[in-house]
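A look at the structure
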Amino acid sequence: QVQLAESGGDLVQPGGSLRLSCSASGSIFKIATMGWFRQAPGKQRELVARISIGGTTNYADSVKDRFSISRDNDKNTVYLQMNRLKPEDTAAYFCNLRPIASTHDYWGKGTLVTVSS
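Residues numbered from 1 in each chain as written. Predicted model: local features only at pLDDT ≥ 70, side-chain atom pairs only at ≥ 80, totals over all residues. Heavy atoms only, no water.

1. What about the pairing of strand 5 (residues 46–51)?
Operational definition: DSSP calls a pair of strands paired once it identifies at least 2 bridges connecting them. Strands are runs of DSSP state E lasting at least 2 residues, helices are runs of H or I lasting at least 4, and numbering of each runs from the N terminus.
Where strand 4 (residues 32–39) and strand 5 come together, five bridges link them in antiparallel fashion. For Arg38, the partnering residue across the bridge sits in strand 5 and is Glu46. Where strand 5 folds back onto strand 6 (residues 57–59) in an antiparallel hairpin, the turn is made up of five residues, including Gly55, whose phi is positive at roughly 100°.

Here is the structure:
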């Protein structure tokens, strides 16, 4: 059973920064694509960023040049560095794990990011 635990969500002013972390249980992390998704109130969950086993990344257009995803395979942890935050970044952020050659997704419970003055 894979368990994902997000942390790092907080209230931050516009223009500020936060770093989210997601720790995964088990060894499956090393053979999985990791991603961050977010869901704002009344909206659908959307992809924010994804990182492959080999470190290839892709981002939503709305966060390019502001957010950066990275992974530490020794710590089974994926990070999302968020800079120049905007009020529209306010959402619950969810960690996602998809093992290679699988269509099954594992999800964390989410961490709340609020960008407001």
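From this point on, the discussion continues.
2. Brief notes about the side chain of Asn96
Applied cut-off: We call a residue buried when its accessible area falls under 20% of the maximum for its residue type, exposed when it is over 50%, and partly exposed in between, using a 1.4 Å probe and counting protein chains only. Contact criterion: two residues are considered in contact whenever any of their non-hydrogen atoms come within 4.5 Å of each other.
Position of Asn96 relative to the elements: it lies in strand 9 (residues 91–99). The buried category is assigned to Asn96, whose relative accessible area is 4%. Non-local contacts of Asn96, meaning those with residues more than four positions away in its chain, are made with Leu4, Thr33, Met34, Gly35, Phe37, Asp105, Tyr106 and Trp107.

3. Overview of a nonpolar patch on the surface
Stated formally: Patch building starts from residues that exceed 30% relative accessible area and form no salt bridge, then joins like charges within 9 Å and nonpolar side chains (Val, Leu, Ile, Met, Phe, Trp, Tyr) within 5 Å. Computed with the Shrake-Rupley method and a 1.4 Å probe, the accessible areas treat only the protein chains shown as cover for residues. Should a side-chain nitrogen of Lys or Arg be within 4 Å of a carboxyl oxygen of Asp or Glu, the pair is scored as a salt bridge.
Residues Ile31, Ile53 and Ile100 make up a contiguous nonpolar surface patch of roughly 260 Å² in combined accessible area. Counting through the fold element by element, Ile31 comes out in the loop between strand 3 (18–24) and strand 4. Among the residues examined, Ile31 registers a relative accessible area of 44% and is labelled partly exposed.

4. What to know about the pattern of salt bridges
Under the criterion given, the structure shown has five salt bridges. Residues Arg38 and Asp89 are paired through a salt bridge, measuring 2.9 Å at the closest nitrogen-oxygen approach. Taken together, the positions of Arg38 in strand 4 and Asp89 in the loop between strand 8 (77–82) and strand 9 put the pair 51 residues apart, joining distant regions of the chain. Taking the relative accessible area as the measure of exposure, Arg38 reaches 6% and is therefore buried. By relative accessible area, Asp89 is classed as buried at 1%. Two residues, Arg98 and Asp105, come together in a salt bridge whose shortest N-O distance is 2.8 Å. The class for Arg98 is partly exposed, based on a relative accessible area of 35%. In the salt-bridge network here, residues are joined through shared partners; they are Arg38, Glu46, Arg66 and Asp89.

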